[in-house]
Amino acid sequence: MTRISVVTGASGGIGRAVARRLAARGDTVALLARGEEGLEGAAEDVRRAGGTALPIEVDVADYQAVDAAAERVEKELGPIGLWVNNAFSSVFAPFMEMEMPEFARTTEVSYLGYVYGTRAALARMRTRDQGAIVQVGSALAYRGIPLQSAYCGAKHAIQGFTESLRVELLHAKSNVHVTMVQMPAVNTPQFGWVLSRLPRKAQPVPPIYQPEVAARAVEYAADHPKRREYWVGGSTALTLAANAVAPGILDRYLARTGFKGQQTDEPRPADQPQNLWEPADGPQGEDQGAHGSFDDKAHSRSLQLWASQHHGLLAAVGGGLAAAGAAWAFNRR
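The following paragraphs examine the structure supplied in this document. (Residues numbered from 1 in each chain as written. Predicted model: local features only at pLDDT ≥ 70, side-chain atom pairs only at ≥ 80, totals over all residues. Heavy atoms only, no water.)

## A look at the packing of helix H3 (residues 63–76) against helix H4 (residues 100–128)
Basically, it comes down to this: Interaxial angle, 0 to 180 degrees, is taken between N-to-C directions of lines fitted to C-alpha atoms, where a helix line uses only the stretch in contact. Secondary structure elements follow DSSP: runs of H or I no shorter than four residues count as helices, runs of E no shorter than two count as strands, and numbering proceeds from the N terminus. An angle counts as roughly parallel when it lies under 35 degrees, as roughly antiparallel when it exceeds 145, as roughly perpendicular when it falls between 65 and 115, and as oblique in every other case. What makes a crossing left-handed is the near helix being turned counterclockwise from the far one by less than a right angle; a clockwise turn instead makes it right-handed. Throughout, a contact is declared for two residues whenever any of their heavy atoms are within 4.5 Å.
Interhelical geometry of H3 versus H4 gives an angle of 40° and a closest axis separation of 8 Å. As far as their axial angle goes, H4 and H3 are oblique. Viewed along their axes, H3 and H4 form a crossing whose handedness is right-handed. Of the residues in H4, those in contact with Tyr63, Val66, Asp67, Ala70, Glu71 and Glu74 of H3 are Tyr116, Gly117, Arg119, Ala120, Arg124 and Arg128.

Quick look at the structure:
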């Protein structure tokens, strides 16, 4: 039976790559985003991959619109089996250079958009007692960095919200599962259209991964949603480990490197698009696709992702090696 999948933020970046990946495996994909041009491009990608697409223009910061979109998906396509929350926006600026409406808007899209999507999905999945919800997260759900306070706050909030919901579903012995995928820096168009007050062009902090790496992780999480979360990229694992062990040292390190590391050497164009209030890939814009401008620096594979997907195997191998080492030491004695 064909799975009905919904992807928010599907017009570009990770969402666009996820939609392609799901379509290639045979899913029927509903694409939720604001940008008309980006949505049409994403729908064409899905069709080329052999899938059926339903593009829906929606602002995820509007719960009634999100719920209406979910209702339309179920009426036109069928029961939703997978919901991927991915839509977000951000502002690159020191906190005191941000306007409070900008901070609120980022929070509404990047955090409440996940809450609204989860609510719309769960309201329908719960009655059938089946389905999966995947939250596209970030290493920044655990570790805040400078110049992205609104975005980091939203990712932290998603983490707490998802943990609370997961426990409630476990208590209810529900067969609806929610999992989170913590992403590294990804080569997406956001760095060319995010609202920025930085003097130079914004960039993801290396190492950078291609959106297809993220899409593979989301696909795997959708098929194995009982896991609490997945980590993508060695940088994600290293960041989370360092933050757990020595957060104060990491504070000082980021204070020294975090400003320069998030900017290229090129001045920021004065006419750079800003997608916080209006989509950069709307009628007056253009389809940006899945990739940003860092293809020459981005990795197409992640050993950490493989390790995250095969942690049971690695634990068994590690245990076997430890037992073999103990036996060897015993025989030596």
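## Let's talk about the pairing of strand S4 (residues 80–85)
Note the following rule: Relative accessible area decides the class of each residue, using a 1.4 Å probe on protein chains only: under 20% of the type maximum gives buried, over 50% gives exposed, and in between gives partly exposed. Strand pairing requires that DSSP identify at least two bridges connecting the strands.
The buried fraction of S4 amounts to 5 of the 6 residues, a majority that puts the element mostly inside the structure. Bridging between strand S1 (residues 4–8) and S4 involves 4 bridges; their strand directions are parallel. Its bridge partner lying in S4, Val7 is registered against Val84. The pairing of S4 with strand S6 (residues 131–138) spans 4 bridges and is classified as parallel. The residue bridging Asn85 from the neighbouring strand is Gln135, located in S6.

## Focus on the sheet that holds strand S12 (residues 229–231)
The 7 strands are arranged S3-S2-S1-S4-S6-S7-S12 in an open sheet whose pairing can be described as parallel. Here the strands that pair on one side only, and so sit at the sheet edges, are strand S3 (53–57) and S12. In this sheet, neighbouring strand axes are inclined to one another by 15° on average, regardless of whether the strands run parallel or antiparallel. Each of S6, strand S7 (176–183) and S12 is contacted by helix H5 (residues 149–171), which is oriented at about 155° to S7, the strand it contacts most.

## Let's talk about a nonpolar patch on the surface
Worth spelling out the cut-off: Residues form patches when they are more than 30% accessible in relative terms and have no salt bridge. Like charges link within 9 Å. Nonpolar side chains (Val, Leu, Ile, Met, Phe, Trp, Tyr) link within 5 Å. Using a 1.4 Å probe, the Shrake-Rupley method yields the accessible areas, and only the shown protein chains count as cover for residues. A pair is scored as a salt bridge if a Lys or Arg side-chain nitrogen falls within 4 Å of a carboxyl oxygen belonging to Asp or Glu.
On the surface, a cluster of nonpolar side chains totalling about 360 Å² of accessible area is made up of Phe95, Met96 and Met100. Relative to the helices and strands, Met96 is located in the loop between strand S5 (91–92) and H4. By relative accessible area, which is 72% here, Met96 ends up exposed.

## Thoughts on the pattern of salt bridges
For the structure shown, the criterion picks out 22 salt bridges. Between Arg21 and Glu219 there is a salt bridge, and its shortest N-O distance comes to 2.6 Å. Here Arg21, found in helix H1 (residues 13–24), pairs with Glu219, found in helix H7 (residues 211–223); they are 198 residues apart in sequence, far enough to count as distant. On the basis of relative accessible area, Arg21 is assigned to the partly exposed category, the value being 34%. Between Glu163 and Arg228 there is a salt bridge; the shortest N-O distance is 3.4 Å.

## Quick look at the sheet that holds strand S11 (residues 208–209)
Consider a sheet: its strands pair through backbone hydrogen bonds, and that pairing is either parallel or antiparallel. One open sheet holds the 3 strands; their spatial order is S8-S11-S14, and the pairing between them is parallel. Each of the sheet's edge strands pairs with one partner strand only, and the pair in question is strand S8 (185–186) and strand S14 (298–299). Here S11 runs beside S14; their pairing, made up of 2 bridges, is parallel. Bridging from a neighbouring strand, Ile208 pairs with Ala298 of S14.

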